[in-house]
Amino acid sequence: MTRMPLDSELEPVDEADLLARYARGDAAAARALTLHLAPRVHAQAARMLGDGSEAEDIAQEAMMRLWKIAPEWRAGEAKVSTWLYRVVANLCTDRLRRRKGRGVALDDVAEPPDPGPGAEAQLLTAARRDALARALADLPERQRLAVMLRHFDGASNPDIAERLGISVEAVESLTARGKRALAAALKGQKAALGYETG
Amino acid sequence: MTRKTDDTWIDALLDDVCSAPVPEPGEDVMARILSDAMDAQPAPGGGGALPRWRQALQALGGWMSVGGLVAATAVGFAVGLGGVVDAALLTSGAGWADSAYYQDALSANGWDLEDG
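Computed from a predicted structure; not experimentally measured.

Visitor: Whenever I open this one, the interface of chain B and chain A confuses me. Can you help?
Guide: Think of interface size as the accessible area that goes away when the parts come together; that is how it is often given. With 34 residues of chain B in contact, the opposing surface of chain A contributes 40 residues. Elements with a minimum of two residues in the side of chain B that touches chain A: helix 1 (8–19) and helix 2 (27–40) of chain B. Ranked by residues supplied to the side of chain B that touches chain A, first place goes to helix 2 of chain B with 10 residues. Here the residues of the side of chain B that touches chain A are counted per class, giving 23 nonpolar, five polar and six charged.

This is the structure in structure tokens:
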């Protein structure tokens, strides 16, 4: 099977234009949007959930929502990637809350399949990702998005402000409050996550 | 007075989690997503797929036609009720109901008999 090229190998694209072309029945636009957006969507979900299989489910579900909304998409009202980012964040949050509802312990992290050198580091990484994801799920949506865009996407504050349609000052406030809330929520796990210094 | 907080470890946690590698999407899921896209894609030149209820609305001729259809259905329902509804209620204030055609239609459905 021919491997599809990853997002980074593609030229920059106008997502809104591609979506409009998709809605007009352009098959090439469907392929271009898939190649451009699906890897990002999957990576975002994988970071939030820490589970590749669940991330694939989320990616497929989020992209399906995009295909369905395409004919009614109103260009200029929102960026496609930001809309999709929000959809993925909400889908992942729902999954994480359901996990909590099933009573899974916060530090219940699966053992790596092949324990060996680096297995402990892998466990610690997984525990950190899991704890962070659960704490993120409890943040108010705008705080969660601001923190994720800043740290997961590496977006600048002006970029986040543009994508969320708020001021730069509001972004700074949201990220600061979000991180304070994360610190409060994870305070009891600081040592277990390897951040206790003395 | 300022409250001293040490939240810098949260930045470290965020950095550590974000710098960890994430798996690439498998070829299977990419194929499934593309397949979904093709299945959900409107036909070329179709002007975009609409929700089913809007497709049904368009098939019936749009809002105006559906409005007319509802009005005609209401009149038909009233006509069908026959003796329950007074024909005067239908004709009062409605110029279209004065036409010979409509009066004939009423007679044909027995209104004249009901009115004595």
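Picking up where we left off.
Visitor: Hey, could you run me through the packing of helix 1 (residues 15–23) of chain A against helix 2 (residues 27–49) of chain A in this one?
Guide: Two quantities define a packed helix pair, namely the angle between the helix axes and the distance between the axes. All names here are of chain A. The N-to-C vectors of helix 1 and helix 2 enclose an angle of 140 degrees; their axes lie 7 Å apart at closest approach. When the interaxial angle is binned, helix 1 and helix 2 end up oblique. Considering how the two elements wind past one another, helix 1 and helix 2 form a crossing that is left-handed. Between helix 1 and helix 2, the residues in contact are L18, L19, R21 and Y22 and A29, A30, A32 and L33, respectively.

Visitor: What exactly am I supposed to notice about helix 8 (residues 168–186) of chain A here?
Guide: Along an α-helix, residues three or four positions apart point the same way, because every turn accommodates 3.6 residues. The end-to-end C-alpha distance of helix 8 of chain A, which contains 19 residues, comes to 27 Å, matching closely the 27 Å that a straight helix rising 1.5 Å per residue would cover. Burial in helix 8 of chain A covers these residues: V171, L174, T175, G178, K179, A181, L182 and L186 of chain A. Angular distribution of buried residues about the axis of helix 8 of chain A spans 160 degrees; they occupy a single face of the element. Buried positions along helix 8 of chain A lie against helix 5 (119–137), helix 6 (141–151) and helix 7 (157–164) of chain A together with helix 1 of chain B.

Visitor: Where do I start with the environment of G194 of chain A in this structure?
Guide: Along the chain, the position of G194 of chain A falls in the segment after helix 8. For G194 of chain A and R128 of chain A, which are 66 residues apart along the polypeptide, the C-alpha to C-alpha distance reads 8.8 Å.

Visitor: So what exactly am I meant to see when it comes to the confidence of the model for chain B here?
Guide: Residues and elements named next belong to chain B. Confidence in the prediction for chain B averages 65 pLDDT; 34% of positions are at 70 or higher. Mean pLDDT in chain B bottoms out at helix 7 (residues 111–115), which sits at 37, and peaks at helix 2, which reaches 96. For this predicted complex, the interface score ipTM comes out at 0.78, while the overall pTM is 0.66.

Visitor: Any chance you could explain helix 2 of chain B here in plain terms?
Guide: Taking 1.5 Å per residue, 14 residues should reach 20 Å; helix 2 of chain B reaches 20 Å between its end C-alpha atoms and fits that length. Buried within helix 2 of chain B are the following residues: V29, M30, I33 and A37 of chain B. Summarising the axial view, the buried residues of helix 2 of chain B lie within an arc of 105 degrees, below the 170-degree limit, and thus occupy one face. Along helix 2 of chain B, the residues that are exposed and aim more than 90 degrees away from the buried face are E27, D28 and D39 of chain B. In this structure, the buried side of helix 2 of chain B is in contact with helix 2 and helix 3 (52–69) of chain A.

Rules used throughout
Residues numbered from 1 in each chain as written. Chains lettered and ligands numbered in written order. Predicted model: local features only at pLDDT ≥ 70, side-chain atom pairs only at ≥ 80, totals over all residues. Contact = placed C-beta atoms within 7 Å. Helix = DSSP H or I, 4+ residues; strand = E, 2+ residues; numbered from the N terminus. Nonpolar A, V, L, I, M, F, W, Y, C, P; charged D, E, K, R; others polar. Axes fitted to C-alpha atoms, helices over the stretch in contact; angles between N-to-C directions. Parallel < 35°, antiparallel > 145°, perpendicular 65-115°, else oblique. Left-handed = near helix turned anticlockwise from the far one by under 90°. Expected span 1.5 Å × (residues − 1). Buried ≥ 20, exposed ≤ 12 C-beta atoms within 10 Å, placed from the backbone. Arc of directions from axis to C-beta. pLDDT = per-residue confidence, 0-100.

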